[in-house]
Amino acid sequence: VDAFVVMGSDNAASMGGENLAEMFFTMGGDGLGHLDPSALEDAAKAMDGGDMLHMGADAALGMFETLGGENAATTFTGDQLGGIFGALDPIDIGNTIAPEVLLESTEKMTIEHFANVGGEQAGAMFDALGSDQVLEMGGEQIAGMFSAMQGEQLADLDGATVAEAVVAMGTEHAIDM
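Source: prediction; values computed, not measured. Starting from 1, residues in each chain are numbered consecutively following that chain's sequence as written. In view of the model being predicted, local features appear only for residues whose pLDDT reaches at least 70, and side-chain atom pairs are presented and counted only at 80 or more, with totals across whole chains, interfaces and linings using the full set of residues. Hydrogens and water are ignored here; the side-chain numbers use all heavy atoms of the structure.

Q: I'd like a rundown of the environment of Phe 4, residues and numbers included.
A: With respect to the helices and strands, the residue Phe 4 is situated in helix H1 (residues 2-13). Phe 4 gets classed as buried once you look at its relative accessible area, which sits at 2%. Sequence spacing of Phe 4 and Ala 39 is 35 residues, and the spatial spacing of their C-alpha atoms is 9.2 Å. It only takes one pair of heavy atoms within 4.5 Å for two residues to be counted as in contact. In contact with Phe 4, other than residues within four places in its own chain, are Ala 12, Met 23, Phe 24, Met 27, Leu 35, Ala 39, Leu 40 and Ala 43. Labels follow the DSSP assignment, with helices taken as runs of H or I lasting at least four residues and strands as runs of E lasting at least two, numbered in each case from the N terminus. Partly exposed describes any residue whose relative accessible area lies between the buried limit of under 20% and the exposed limit of over 50%, with all areas from a 1.4 Å probe on protein chains only and scaled to the type maximum.

Structure (structure tokens):
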């Protein structure tokens, strides 16, 4: 934490996303909570989704809590959001991240952005939002969420829900999955 503060956000951001992910992993959520939110935001903007994915669940949750979920949803790109959701513990997606923040975040994500979201995390996103809200999202977002899910998560859904999702996403997006 002290090294980050001494470096300043500009110098930290110039380290590159991969190195920032390692630093944030080492700091953990508690360490990130001690940083100035604007400095953390500036540094995080230098990371891509793959970098976010590698910072670990504790750091990902700490980043969300330090920046504020609504701020993170509006600040980060769809790629970054895919990475941070992929890094989160699935339990935190439903319990700590508000459904409104999830919905706003998914609106920025494409099928490609959901590639960093693991099956358990995608299942947790579905559970937190509920099938009604998921089926009202854009076709590409529905396809992305379902493409991230694995057999176990899809098996937890009933056949009617999966069929409704395929219809809601549309043929074009279903093929893109």
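Q: Hey, could you go over the pattern of salt bridges for me, with residue numbers and the actual values?
A: Each salt bridge in this description consists of a side-chain nitrogen of Lys or Arg and a carboxyl oxygen of Asp or Glu lying within 4 Å of one another. Enumeration according to the criterion identifies one salt bridge in this entry. For the salt bridge of Lys 45 with Glu 41, the shortest nitrogen-to-oxygen distance reads 3.5 Å. A relative accessible area of 45% places Lys 45 in the partly exposed class. Looking at Glu 41, the relative accessible area reads 15%, which means it is buried.

All quantities given are derived from atomic positions and should not be read as evidence of function.
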